[in-house]
Amino acid sequence: MDILTQWLGWLPNLAPGLLISLQLTGLALLFGFPLGLLLAVMAAAKFAPLQWISFLVVEIGRGLPALVLLYLLYFSLPDAGVTLTSLTTAIIALSWNTGAYASEYFRAGLAAVPLGQKEAALTSGLRGWTGFRIVILPQALRISTPPLAGLAVLVFQGSALAFVIAVPELMSKGFEIASITFEYLSVYLLTAVIYGSITLVFLALVRVLEQRLGRHLQRN
Amino acid sequence: MGLSFGTKAPPTALSGEVVVSGLGKSYGTSRVLSDVDLVMNEGEVVSVIGPSGAGKSTFLRCLNYLETPTEGTIAIGGARVVAGGKRPDKSSIDHLRRVTGMVFQSFNLFPHLTVMENITLPQRNVLGASKEQAQEVAERLLKRVGLPDKAKAYPARLSGGQQQRIAIARALALSPKVMLFDEPTSALDPEIGLEVLAVMRDLADEGMTMLVVTHEMHFARDVSDRIMVMGNGGVLEIGPSQQVMSEPQNERTRQFLKAVLDR
């Protein structure tokens, strides 16, 4: 049988899985990136307990493999009396993981904004949150965008791990088809093509965004 | 009240736009600034000169609390801060920054904002100006620094001299009582520096009170009313510009001026 016809036949079964994967990724980024920014700001806070909390959350989120984090939450939360769906558990685990890594990229971006910018903000009366929002953050975000885009891709690919706690995402749908048809190689090749093409399209979009964000730095 | 002022009592009656008394700064045991006094009248221009490491920039940056002085008092245009002891409250520091405008050696324009936004955003956030009011002020100031056609440009598109003139306009937009200049032409080639100096000269002629840390000896002599020479964290001498340049009293000043003028 022609492989393309075979793949076309499987697509309707894989599509709901892909939607779950995208949903899981989208939510992990939606919660993870702001969490990362918050953790980065907390790490730079003068109030020491905020630094400790940030340190703890970041080091656990980065220190544990996403797979281990998934299992730990999946098996410990019910014992603690919290019953969540496997999708929600996966969202929490991946958001934590994402936030921990993102915080380092935000931290690098914030640190890369020259000190003179903060001083100019202060002497222009833009202090505290206002100065941060108007002067520092936009410059830091431009610097952090490329590594954050790379992280977003890793999160999308990492969303496949949710397979192990029975989230019906793309990989688990593929596994279902494979275990019925025994066409393991063909099915996983198809999922590879899907993951790969979405990633490449996303990265192309990010490149356009980067150019727009850097427009003001062009000299002519 | 438990606040100590060292051996000196702070000045009680404030005459003059700028009254700095006994200003000092130490990092642990190392003393980078000690016992600096300066009284400036409204409209006066004072140049601060001296060798590298003399404490000129530190002194200037203490005046708006970019550096935290450890002793002394600063009174500028109605704002007053006593250093040392506990850190002064935020509102006094805000007030100090509100009445001073700062121009940096490296311009420090906000690179992600247009020239217009650089000049209007502080007004809108600090003065609560409307967009129209702020733009009106910005357009007037851009004309004043000779760059009326650059409103829509981003800083990266401008030459260093143009950026510094925009930075001056940005500082003026908040109507400061005193302008502080921290080596405003040191990052520019000598020719480009002239266009910045010309703007500063106009500003002085219009009666702005200015304190200028500089290595531009002609500006110091011709534009400023007085010259303050610093060395080793303190004031070596201060006096009328012509006098300090032609008959310096201090041996270290003579040595410095000879080195600078004989180049």
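Not measured: the values here are computed from a predicted model. (Residues numbered from 1 in each chain as written. Chains lettered and ligands numbered in written order. Predicted model: local features only at pLDDT ≥ 70, side-chain atom pairs only at ≥ 80, totals over all residues. Heavy atoms only, no water.)

Caption draft 1: Broad picture of the interface of chain A and chain B. Contacts between the two partners involve 22 residues from chain A, matched on the other side by 24 residues from chain B. When the buried area of chain A at its contact with chain B is split by residue, E119, T123 and H216 of chain A rank highest and sum to 30% of it. For D94 of chain B, the salt bridge identified is with R127 of chain A, shortest N-O distance 2.7 Å. At the boundary of chain A with chain B, the tally comes to 6 residue pairs in polar contact (both at pLDDT 80 or more). Elements with a contribution of two residues or more to the side of chain A that touches chain B: α5 (115-123) and α6 (128-158) of chain A. Element by element, the count of residues in the side of chain A that touches chain B is highest for α5 of chain A, at 7 residues. Looking at the side of chain A that touches chain B, its residues break down into 8 nonpolar, 10 polar and 4 charged. (Contact = heavy atoms within 4.5 Å. Buried area = accessible area lost by both parts, 1.4 Å probe. Salt bridge = Lys/Arg side-chain N within 4 Å of Asp/Glu carboxyl O. Polar contact = N/O pair within 3.5 Å; in protein donor to acceptor, adjacent residues only side chain to side chain. Helix = DSSP H or I, 4+ residues; strand = E, 2+ residues; numbered from the N terminus. Nonpolar A, V, L, I, M, F, W, Y, C, P; charged D, E, K, R; others polar.)

Caption draft 2: The nonpolar core, seen in detail. Counting residues in hydrophobic clusters, the biggest one holds 69 residues, and the most contacted among them are L23, F59, L63, I76, L211 and M230 of chain B. It is α6 of chain A that contributes the most residues to this core, 10 residues altogether. For L211 of chain B, the contacting residues outside a window of four places in its chain are L38, M40, V46, V48, F59, L60, L63, M179, L180 and F181 of chain B. Counting 36 residues, the second largest nonpolar core, distinct from the first, contains V115, V196, L203 and V212 of chain B. (Core = buried A, V, L, I, M, F, W, Y, C linked by side-chain atoms within 4.5 Å. Buried < 20%, exposed > 50% of the residue type's maximum accessible area, 1.4 Å probe, protein only.)

Caption draft 3: Region of the structure containing the side chain of Q162 of chain B. All names here are of chain B. Along the polypeptide, Q162 turns up in helix α5 (residues 160-172). Given the relative accessible area of 18%, Q162 is considered buried. Those residues in contact with Q162, other than ones at most four positions away along the chain, are L147, K150 and E195.

Caption draft 4: Looking closely at the sheet that holds strand β2 (residues 30-40) of chain B. Residue and element names in this part refer to chain B. Here 4 strands make up an open sheet; going across it, the order is β2-β1-β4-β5 and the pairing antiparallel. Strands with a single pairing partner mark the edges of an open sheet, and in this sheet they are β2 and β5 (79-82). In this sheet, adjacent strand axes meet at a mean angle of 15° when their direction is disregarded. Note that strand β4 (residues 71-76) and β5 share 4 bridges and pair antiparallel. Looking at the pairing, A75 lines up with R80 of β5. Each of β1 (18-27), β2 and β4 touches helix α1 (residues 56-63); the most contacted strand, β1, lies at about 115° to it. Across the sheet, helix α2 (residues 90-99) touches β4 and β5, and the angle it forms with β5 is around 130°. (Pairing = 2+ DSSP bridges. Axes fitted to C-alpha atoms, helices over the stretch in contact; angles between N-to-C directions.)

Caption draft 5: Summary view of helix α4 (residues 131-144) of chain B. Residues and elements named next belong to chain B. Look at α4: 20 Å from first C-alpha to last across 14 residues, which is about the 20 Å you get at 1.5 Å a residue. Along its buried surface, α4 packs onto α3 (115-127) and α5. Where α4 ends, the next residue or the one after it, G146, has phi of about 80°, a positive value. (Expected span 1.5 Å × (residues − 1).)

Caption draft 6: View of the packing of aromatic side chains. Residue and element names in this part refer to chain A. Counted according to the given criterion, the structure contains 7 aromatic pairs over all chains. Consider the rings of F33 and F106, whose centres lie 6.5 Å apart with planes at 90°: the pair is edge-to-face. One end of the pair, F33, is in helix α1 (residues 3-43); the other, F106, is in helix α4 (residues 86-112), with 73 residues separating them in the sequence. With relative accessibility at 6%, the residue F106 sits in the buried group. A ring pair is formed by Y71 and F75, whose centres lie 5.8 Å apart and whose planes are at 20°; its orientation type is stacked. (Phe/Tyr/Trp six-rings, centres within 6.5 Å; stacked < 30°, edge-to-face > 60°.)

Caption draft 7: Quick peek at unusual backbone geometry. All names here are of chain B. Even without a glycine there, the phi angle at D35 is positive, about 50°. Note that D35 resides in strand β2. For S175, which is not glycine, the phi dihedral falls at a positive 45°. With respect to the helices and strands, the residue S175 is situated in the loop between α5 and β7 (178-182). Owing to a relative accessible area of 53%, S175 belongs among the exposed residues under this scheme.

Caption draft 8: Here's a closer look at the pairing of β5 of chain B. Going residue by residue along β5 of chain B, you find A79 and V81 of chain B tucked away on one face and R80 and V82 of chain B left uncovered on the opposite face. Hairpin connection from β4 of chain B to β5 of chain B: 2 residues lie between these consecutive antiparallel strands, with G77 of chain B at a positive phi of about 45°.

Caption draft 9: View of the confidence of the model for chain B. Across chain B, the average pLDDT comes to 91, with 94% of residues at or above 70. Considering only residues more than four positions removed or in separate chains, one finds that residues 1-13 of chain B, a stretch of pLDDT under 50, has 13 contacts. (pLDDT = per-residue confidence, 0-100.)

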